[in-house]
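What follows is each chain in one-letter form.
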Amino acid sequence: MLSVLRVHLPSDIPIVGCELTPYVLLRRPDKSVATEDVPESAPLDGHFLRYKWYRIQSDKKVAICSVHPSEHATLQCLGCVKAKIPVAKSYHCSPKCFSDAWQHHRVLHERAASAVNENGAEEEELFGRFNNSGSGVVSTSLSGAQPTPSLTNGAAPLYPAAVAQRSGGETWFEVGRSKIYTPTADDIGHVLKFECVVVDAETKLPVGHVNTILTSRVIPAPSPSPRRLISVSGIDAMVGHLDPEGRISSAGNFTVLSYNILADVYASSELYSYCPSWALSWPYRRQNLLREIVGYRADIVCLQEVQSDHFEKFFAPELDKHGYQALFKRKTAEVFSGNIHTIDGCATFFRRDRFSHVKKYEVEFNKAAQSLTDALVPSAQKKTALSRLVKDNVALIVVLEAKFSNQGIDNPGKRQLVCVANTHVNVHQDLKDVKLWQVHTLLKGLEKIAASADIPMLVCGDFNSVPGSSPHALLAMGKVDPMHPELVVDPIGILRPASKLTHQLPLVSAYSSFARMGVGIGLEQQRRRMDPTTNEPLFTNCTRDFIGTLDYIFYSADSLTVESLLELLDEDSLRKDTALPSPEWSSDHIALLAEFRCKPRTRR
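A brief structural summary. (Residues numbered from 1 in each chain as written. Predicted model: local features only at pLDDT ≥ 70, side-chain atom pairs only at ≥ 80, totals over all residues. Heavy atoms only, no water.)

Comments concerning the nonpolar core
Piece 1. With 66 residues, the main nonpolar core has F254 and F596 as its most contacted residues.
Piece 2. Beyond its immediate sequence surroundings of up to four residues, F596 is in contact with G252, N253, F254, V256, L458, A510, I553, Y555, L560, T561, V562 and E563.
Piece 3. In this structure, A395, A421, V434 and L436 belong to the second largest nonpolar core, which totals 42 residues. (Core = buried A, V, L, I, M, F, W, Y, C linked by side-chain atoms within 4.5 Å. Buried < 20%, exposed > 50% of the residue type's maximum accessible area, 1.4 Å probe, protein only. Contact = heavy atoms within 4.5 Å.)

Following this line, the structure appears as structure tokens:
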């Protein structure tokens with residue numbers, strides 16, 4: 001007979017908006033062991049599995065710490081209450097917690113005071129698009145939350161009026177009848193119970209032992225302080241505002257996002273021991289990343305470290321719901337030795353109402369390495385050369401046609417094309433020659449595209465190269481100084497002569513606009529988050545072992561202008577005892593976003 005051997009949950013802490021998928025180990029009638037579901041619609045030997053989820057609601061009210069959401073709150077900041085800051089942000093689990101968080105927490109007070117002084121009602125802008133029903137707001141009563149309408153959680157009503165069970169000051173409400181359950185705002189602060197039992201298909205009665213699991217208390221999804229758009233196009237730079245649809249007001253502008261999202265295969269507890277296990281788990285991170293990406297509402301999205309299986313099963317279908325068309329280039333597998341489905345790659349998405357797909361180019365640096373060694377390296381050294389050059393990295397180049405125009409009456413009907421390159425130069429720091437060679441190879445390919453069409457260029461990605469490195473110099477300056485110290489290490493001669501390390505694309509780093517343009521409170525604050533010697537952000541990657549800039553958005557300055565940029569994070573924006581990833585930010589990189597305008601083209 002069918003029987004249940006074991007039931008457990010992969011994550012110890014349930015979070016609002018993140019699916020809970022129990023692991024159920026079965027013994028089938030033939031004595032084999034399996035994990036496949038046995039639904040009522042397909043019984044096995046006259047039996048199937050029945051699932052139920054309950055919310056255990058105590059008569060005692062529970063508030064959750066805003067800094068450590070797995071802990072109960074023991075004190076509340078009355079300044080937050082007076083300033084009408086969302087109540088969830090006012091709770092702390094201990095005086096030390098409040099003291100340690102004060103540098104970050106006081107920013108909420110300052111912003112609230114500033115907003116009231118300006119126009120009195122900025123709570124939504126101050127605390128962000130991410131602080132919605134999916135994040136949950138804890139109040140002292142916890143009883144007024146509304147269930148999220150998009151969650152079904154099985155055939156049963158989400159929160160039926162009938163009480164399932166009451167015992168010892170606790171009430172158990174049935175909240176789901178499917179194997180998978182997604183906690184909602186109503187569950188915050190409460191324990192969930194999962195039941196699994198074998199049922200006779202004919203009598204519909206349980207057979208044998210009822211297997212149960214109790215979770216920890218449900219916590220709200222932490223919501224980071226929102227990052228605002230800062231205008232760099234005007235003399236007095238101010239914070240950029242989004243229209244009700246989240247778009248930039250001017251129809252002729254478009255936005256580009258670049259973000260290394262940290263593939264799950266790399267997100268190990270050994271590397272990121274400082275991040276809570278529940279916040280490092282993929283079910284949590286994928287929802288948090290999706291919330292963040294969708295919240296930016298970029299017209300073009302370039303993601304790096306997207307696993308093949310996550311692209312196909314999650315990002316492509318989920319972003320399709322938000323109007324994006326998806327393109328993907330998986331890394332090659334000559335070096336990779338793991339599961340082929342978990343190989344990561346570069347994914348580019350664009351809004352179908354803003355752009356249409358014209359052409360796609362795929363760059364495989366392994367193939368370029370083979371061609372290079374065939375042409376330049378003596379036969380006896382080819383194996384050694386390929387071992388150094390072959391790293392499975394790729395680039396995805398997409399040509400898009402805009403469905404909007406700002407060309408004016410002088411160019412009626414003129415097609416507006418944009419070429420977007422998305423890459424991840426994932427090369428060990430010791431192989432600086434290989435890193436530079438890959439960037440040079442990509443740029444020479446883009447030169448060929450530029451020569452064939454009058455087309456603006458965008459080069460986005462994680463280049464694993466700090467400002468001032470040889471790859472950065474090549475991108476930003478169009479050449480590498482022959483005396484650059486990184487050119488010294490070139491064991492297979494791929495960088496010689498140094499005079500060949502050039503390109504003709506007029507590329508400029510978008511974020512250097514913070515250092516070069518305008519005045520105003522918004523820009524002055526951002527300049528403090530820039531390195532004045534390189535005109536690049538102080539960091540785009542922040543872990544316990546490294547803090548620095550590795551990610552860039554470059555654009556062709558002869559055909560595009562930067563209108564605004566997503567504000568940078570500073571150390572005050574992160575918990576002072578935390579690096580990335582964290583419960584608030586689910587990657588070890590930060591997202592970069594730039595708003596561009598195409599320069600009107602003159603007749604030729």
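Regarding the side chain of E447
Piece 1. Within the secondary structure layout, E447 lies in helix α9 (residues 432–452).
Piece 2. Since its relative accessible area comes to 16%, E447 is described here as buried.
Piece 3. A distance of 2.4 Å separates a polar side-chain atom of E447 from the backbone nitrogen of Q504.
Piece 4. Residue contacts for E447: discarding those within four places in its chain leaves H503, Q504 and L505. (Helix = DSSP H or I, 4+ residues; strand = E, 2+ residues; numbered from the N terminus. Polar contact = N/O pair within 3.5 Å; in protein donor to acceptor, adjacent residues only side chain to side chain.)

Here we look at the sheet that holds strand β3 (residues 33–34)
Through backbone hydrogen bonds, the strands of a sheet pair up, either in parallel or in antiparallel fashion.
Piece 1. Spatially, 3 strands are ordered β1-β2-β3 in an open sheet, and the strand pairing comes out antiparallel. Lying at the two open borders of the sheet, with one neighbouring strand each, are β1 (3–8) and β3.
Piece 2. Of the pairings in the sheet, the one linking β1 to strand β2 (residues 23–27) comprises 5 bridges and is antiparallel in character. Counted as the bridge partner of V7 is V24 from β2. (Pairing = 2+ DSSP bridges.)

Comments concerning the pattern of salt bridges
Piece 1. The final tally for this structure, using the stated rule, is 22 salt bridges.
Piece 2. Here D187 makes a salt bridge to R55, at a shortest N to O gap of 3.7 Å. Taken together, the residues span a long stretch of sequence, with D187 in the loop between β8 (170–176) and β9 (191–200) and R55 in strand β4 (residues 47–58) at a distance of 132 residues. Like R55, D187 is buried.
Piece 3. R496 serves as the salt-bridge partner of D490, at 3.5 Å between the closest nitrogen and oxygen.
Piece 4. A relative accessible area of 6% places D490 in the buried class. (Salt bridge = Lys/Arg side-chain N within 4 Å of Asp/Glu carboxyl O.)

Focus on the packing of helix α7 (residues 365–376) against helix α8 (residues 382–389)
Piece 1. Where α7 meets α8, the axes come as close as 10 Å, and the angle between the chain directions of the two elements is 150°. On the basis of their axis angle, the class for α7 and α8 is roughly antiparallel. In this structure, the crossing between α7 and α8 has a hand that is right-handed. Contacts between α7 and α8 involve A369, Q370, L372, T373 and D374 from the former and K382, A385, L386 and L389 from the latter.
Piece 2. Residues belonging to the contact of α7 with α8 are distributed by class as follows: 5 nonpolar, 2 polar and 2 charged. (Axes fitted to C-alpha atoms, helices over the stretch in contact; angles between N-to-C directions. Parallel < 35°, antiparallel > 145°, perpendicular 65-115°, else oblique. Left-handed = near helix turned anticlockwise from the far one by under 90°. Nonpolar A, V, L, I, M, F, W, Y, C, P; charged D, E, K, R; others polar.)

Regarding the sheet that holds strand β26 (residues 551–556)
Piece 1. Spatial strand order, β17-β18-β19-β20-β26-β21: 6 strands in an open sheet with mixed pairing. Where the open sheet ends on each side, the last strands, each with one partner, are β17 (355–364) and β21 (507–509). Each adjacent strand pair in this sheet contributes to an overall mean axis angle of 20°, direction not counted.
Piece 2. Bridge count between strand β20 (residues 457–462) and β26: 5 bridges; the pairing is antiparallel. Across the sheet, G461 pairs through a bridge with Y552, a residue of β26.
Piece 3. This element, α7, spans β17, β18 (394–402) and β19 (417–424) of the sheet and lies at about 45° to β17.
Piece 4. Relative to the sheet, α9 contacts β17, β18, β19, β20 and β21, its axis offset from that of β20 by approximately 160°.

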